[in-house]
There are 2 protein chains.
Amino acid sequence: MTETRWLNDEEQRSWRAFGLATRLLLDRLERDLQEAAGMPPTYYELLVLLSEAPDRTMRMSELARWTHSKPSRITHAISKLEQAGWVRRQHLASDRRGWLAVLTDEGLAALRAAAPRHLESVRTYLIDVLSPEQVSQLGDISETLLKRLLPDI
Amino acid sequence: MTETRWLNDEEQRSWRAFGLATRLLLDRLERDLQEAAGMPPTYYELLVLLSEAPDRTMRMSELARWTHSKPSRITHAISKLEQAGWVRRQHLASDRRGWLAVLTDEGLAALRAAAPRHLESVRTYLIDVLSPEQVSQLGDISETLLKRLLPDI
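Residues numbered from 1 in each chain as written. Chains lettered and ligands numbered in written order. Predicted model: local features only at pLDDT ≥ 70, side-chain atom pairs only at ≥ 80, totals over all residues. Heavy atoms only, no water.

Undergrad: Hey, could you run me through the packing of aromatic side chains in this one?
TA: For any two aromatic rings, the description comes down to two numbers: the centre-to-centre distance and the angle of the planes. Inspection of every chain in the model, using the stated rule, returns zero aromatic pairs over all chains. Geometry around W99(A) places R89(A) over its ring, the cationic atom sitting 5.5 Å from the centre. (Phe/Tyr/Trp six-rings, centres within 6.5 Å; stacked < 30°, edge-to-face > 60°. Lys NZ or Arg CZ within 6 Å of the ring centre and 35° of its normal.)

Undergrad: Mind showing me how you'd approach the sheet that holds strand β2 (residues 87–91) of chain A here?
TA: All names here are of chain A. Sheet architecture is open: three strands sit in the order β1-β3-β2, paired in antiparallel fashion. The outermost strands of the open sheet, each flanked by one partner alone, are β1 (57–59) and β2. Going from strand to strand, the sheet's axes swing by 30 degrees on average, the running direction of each strand aside. Note that β2 and strand β3 (residues 99–103) share five bridges and pair antiparallel. (Pairing = 2+ DSSP bridges. Helix = DSSP H or I, 4+ residues; strand = E, 2+ residues; numbered from the N terminus. Axes fitted to C-alpha atoms, helices over the stretch in contact; angles between N-to-C directions.)

Undergrad: Explain the nonpolar core to me, please; I cannot follow it from the model alone.
TA: Soluble globular proteins tend to bury their nonpolar side chains together. Residues W15(A), L126(A), W15(B) and L126(B) are the most contacted members of the largest nonpolar core, which totals 42 residues. The set of elements that each furnish at least two residues to this core consists of α1 (9–37), α5 (105–125) and α6 (132–149) of chain A together with α1 (9–37), α5 (105–125) and α6 (132–149) of chain B. Dropping the residues within four chain positions of it, L126(A) is found in contact with L25(A), S121(A), L138(A), W15(B), F18(B) and L145(B). (Core = buried A, V, L, I, M, F, W, Y, C linked by side-chain atoms within 4.5 Å. Buried < 20%, exposed > 50% of the residue type's maximum accessible area, 1.4 Å probe, protein only. Contact = heavy atoms within 4.5 Å.)

Undergrad: Explain the interface of chain B and chain A to me, please; I cannot follow it from the model alone.
TA: Where interface size is given, it is often the accessible area lost as the parts come together that is meant. Between chain B and chain A, the residue contacts involve 60 residues of the former and 60 residues of the latter. Summed over both sides, the interface between chain B and chain A buries roughly 6100 Å², with carbon and sulfur atoms accounting for 65% of that surface. One can count 13 salt bridges joining chain B with chain A. At the level of secondary structure, the elements contributing two or more residues to the side of chain B that touches chain A comprise α1, α2 (41–52), α5 and α6 of chain B. Looking at the side of chain B that touches chain A, the element that brings in the most residues is α1(B), giving 18 residues. A per-class count over the side of chain B that touches chain A returns 28 nonpolar, 14 polar and 18 charged. (Buried area = accessible area lost by both parts, 1.4 Å probe. Salt bridge = Lys/Arg side-chain N within 4 Å of Asp/Glu carboxyl O. Nonpolar A, V, L, I, M, F, W, Y, C, P; charged D, E, K, R; others polar.)

Undergrad: Before we go on, may I ask you to explain the relation of the copies chain B and chain A in this structure?
TA: Think of it as a corkscrew move, a rotation about one axis and a shift along it, taking one chain copy to the other. After a rotation of 180 degrees and a shift along the axis of 0.0 Å, chain B superposes on chain A with an RMSD of 0.0 Å. Those values place the two copies in the arrangement expected of a two-fold rotation axis. Most of the interface of chain B is mirrored in chain A: 100% of its interface residues are interface residues there too. (Least-squares fit on C-alpha atoms with pLDDT ≥ 70 in both.)

Undergrad: Can you help me understand the sheet that holds strand β1 (residues 57–59) of chain B in this one?
TA: Residues and elements named next belong to chain B. If you walk across this open sheet you meet the three strands as β1-β3-β2, and the pairing is antiparallel. Each edge of the open sheet is held by one strand with a lone partner, namely β1 and β2 (87–91). Mean inter-strand twist for the sheet, computed between neighbouring axes without regard to direction, equals 30 degrees. As paired elements, β1 and strand β3 (residues 99–103) share three bridges and run antiparallel to each other. Each residue of the ladder has a partner; that of R59, found in β3, is L100. The strands touched by helix α3 (residues 60–67) are β1, β2 and β3; relative to β1, the strand with the most contacts, the crossing angle is about 85 degrees. Where helix α4 (residues 71–83) meets the sheet, its contacts fall on β2 and β3, and the angle it forms with β2 comes to roughly 120 degrees.

Set out below in structure tokens:
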């Protein structure tokens, strides 16, 4: 068994503050979005992706890949969005096992109604609180973390 | 209605990378801790707090305050930890409505067994990936965010 390398004081300070800040921030954004639009952030993200896709249409497998989510998670989310009338599913013409998700007009309207308030939360609790320099540092730090995290999914 | 202030390119880059990186990182740490110790990070955090308290004992209301959690969340977590034999509850002598949570010997052993592996995950996916300068930047950024987030709980 290898020896445990404990965190030094500065690492400990950073990790504790980061752990608490991210938990509180994600809770806050989730609560605001739920109140403003009746949807959790993961659903919001799917609507954004679909709204930016050609014909507002993507394969379910693409949605999973782009959000780095398990396919089962996407299937579950899309059927909830379908129940809300915001997305409809259809078979791929070329492959009966493949499914497409299509953003409906109602889904686009729901997204457009939710966007300004979601953005306002992101500004209020993250972007506007930081200096432009810190915003850039946070972007660089996050991209560094993603390089380590992404191969492991 | 005020005008929507959209994010500029750099803010957008930072927010998108941060949102994805934190989701993947928290998922990863949670999965590792669940595998290593059969507990989610919120339970781990409670055991750490109790282990550092005098007589390994804290009032439930203190646990809620220290973790910035709703009392109902703490009550739920503590009864799960009680079922596992890691914590026991007892009435405050001075106030029959007040409850104390006490870390048991089994709870301390479970924490000591989990700690090295949890720390290893935090190192592998966060601390060791960043330069010492980035660790400090992330600490400062997180503390800035906490100043904004904490009054709102």
